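Here are the chains, one letter per residue:
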Amino acid sequence: MSPHRVFACLLPLTLLPAAAPALAQGDSYERTVALEPGGNLSVAASGGSVLLLAWDRPQVEIRARIEAPAGTDGDYERQIVEATRIDVRETAGAVSVASDFSEVERRGFFDRRRTRPDVHYEIQAPRELNLDIELERGAGTTLRGFDGRITMRVDRSDLNLVELSGAVRIELERGQMQASDFSGALTLDVERGDRAVLTRLRGSVLIDAERTNVVLRAARIEGDSDVTIERGDFTFELAEMQPLTIDAELSSRSDLENDLPLTLQQTGDRLRGTVGGGGPVLRIRSHRGDVRLR
């Protein structure tokens, strides 16, 4: 992962008409728009938090609370809150939600700094959905209950993912992640995240982690999977005994702790063994970190 990631714009919604003028909301915003299951929802936010929950209605309900950071003086606080807008665009099969700070002015003639308010979203959307989410400098983000194609690009924000299924791709930089009850195919690219914990995962994973400790707890691997760890530890705990093949390659600065009922055969830096006669392959590559199999 490049240390200088530039976040691209969200997937272009080419069918969207020209956006209507964004509405000034003061300190809160509410709106409900139609969206059938299987549609596309994109969310772009900077600062604040996002709570995104699934429901069984063919619509998206958006609530936003706009708050100035603590310590902002009264006049400037009111000005930046009133200037912040929630831009919602809709068309057949697609809805986009974004924080718009374009009219937030700088503090004054001699102080050219510009402070952005925090926008805290609560969004409910159809359970079967394609999600494209871009978050930066947030207090935290929670997704619960969605099934579909989910793409997330997250910088300096923590993630809490619950009961997701489908094809999920996450790019996470400088944030921690917790996920539970996931099923499907997960691609995770994480850098300087400190810790990423996935509990009760069922499916396949493709993980590339740098300076991050990764834990797969109560996992059931149902497709060939790859985990590459650079300067971090990897802990893998099986949910139950299952047919599995372990293919591990560890550098001289990595150690392996194995509590699984498998016999590892070593060729150079490469170790290979099977559980239950062998099954989907879990490939592990570790440099400067410990690997624990349980």
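Residues numbered from 1 in each chain as written. Predicted model: local features only at pLDDT ≥ 70, side-chain atom pairs only at ≥ 80, totals over all residues. Heavy atoms only, no water.

(A) Just the overall build of the protein chain, in detail. Within the protein chain, the regular secondary structure consists of one helix and 22 strands. For the protein chain, the residues scored as buried account for 47% of the 294 residues in total. For the protein chain, the proportion of contacts with a sequence separation of at least 24, taken over those separated by at least 6, is 50%. With the model as given, the accessible surface of the protein chain reaches about 14200 Å², and the carbon-plus-sulfur share is 44%. (Helix = DSSP H or I, 4+ residues; strand = E, 2+ residues; numbered from the N terminus. Buried < 20%, exposed > 50% of the residue type's maximum accessible area, 1.4 Å probe, protein only. Contact = heavy atoms within 4.5 Å. Areas by Shrake-Rupley, 256 points an atom, 1.4 Å probe, with all protein chains shown as cover.)

(B) Looking closely at the side chain of T141. With respect to the element layout, T141 can be found in strand 10 (residues 140–144). Overall, T141 belongs to the buried group, its relative accessible area being 3%. Residues within four places of T141 in sequence aside, it is in contact with V50, L135, M152, S157, D158, L159 and N160.

(C) Up close: the pattern of salt bridges. For the structure shown, the criterion picks out 29 salt bridges. Taking the shortest distance from any N to any O, the salt bridge between R65 and E67 comes out at 2.7 Å. Residue R65 is classed as partly exposed on the basis of its relative accessible area, which comes to 38%. Classification of E67 by relative accessible area gives partly exposed; the value is 33%. Each of E136, R137, D155, R156, E173, R174, E191 and R192 takes part in a single network of salt bridges with overlapping partners. (Salt bridge = Lys/Arg side-chain N within 4 Å of Asp/Glu carboxyl O.)

(D) Region of the structure containing the nonpolar core. L41, Y121, M152, I170, M177 and F236 are the most contacted members of the largest nonpolar core, which totals 76 residues. At 16 residues, strand 14 (residues 177–221) tops the list of elements feeding residues into this core. L41 has contacts with L35, L52, V60, V95, V97, I123, A125, L129, N130, L131 and D132, leaving out every residue within four places of it along the chain. (Core = buried A, V, L, I, M, F, W, Y, C linked by side-chain atoms within 4.5 Å.)

(E) Focus on the environment of I86. As for its placement among the helices and strands, I86 is situated in strand 6 (residues 85–91). Residue classification places I86 among the buried residues on the basis of a relative accessible area of 2%. Spatially, the C-alpha atoms of I86 and S28 are 9.3 Å apart, while their sequence positions differ by 58 residues.

(F) Structural view of unusual backbone geometry. Even without glycine at this site, R174 takes up a positive phi of about 55°. Position of R174 among the secondary structure elements: in the loop between strand 13 (165–173) and strand 14. Its identity as a non-glycine residue notwithstanding, D181 has a phi of 55°, on the positive side.

(G) The arrangement of helix 1 (residues 74–83) in detail. Regarding helix 1, the residues found buried are Y76, I80, V81 and A83. With its buried residues spanning 170° around the axis, helix 1 presents them on a single face. Contact partners of the buried residues in helix 1: strand 5 (59–67), strand 6 and strand 7 (94–100). (Arc of directions from axis to C-beta.)

(H) Spotlight on the pairing of strand 8 (residues 118–126). As paired strands, strand 4 (residues 49–55) and strand 8 are joined by seven bridges and run parallel to one another. The partner of V50 across the bridge, within strand 8, is Y121. As paired elements, strand 5 and strand 8 share seven bridges and run antiparallel to each other. Considered in strand 8, the bridge of E61 is made with Q124. (Pairing = 2+ DSSP bridges.)

(I) Spatial organisation of the pairing of strand 12 (residues 159–162). Here strand 10 runs beside strand 12; their pairing, made up of four bridges, is parallel. When the bridges of strand 12 are listed, L143 appears paired with L161. Of the pairings in the sheet, the one linking strand 12 to strand 14 comprises four bridges and is parallel in character. Bridging across to strand 14, L159 finds its partner in M177.

(J) Up close: the environment of L129. In this structure, L129 sits in the loop between strand 8 and strand 9 (130–136). Not counting residues within four places of it along the chain, the set of residues in contact with L129 comprises L35, G38, G39, N40, L41, F146, D147, G148 and R149.

(K) Up close: the confidence of the model for the protein chain. With 88% of its residues at a pLDDT of 70 or more, the protein chain shows a mean pLDDT of 87. Below a pLDDT of 50 lies the segment residues 1–25, which in the model reaches 51 contacts outside its immediate sequence neighbourhood of four places, other chains included. (pLDDT = per-residue confidence, 0-100.)

(L) Just the environment of S96, in detail. Structurally, S96 is set in strand 7. Residue S96 is classed as buried on the basis of its relative accessible area, which comes to 13%.

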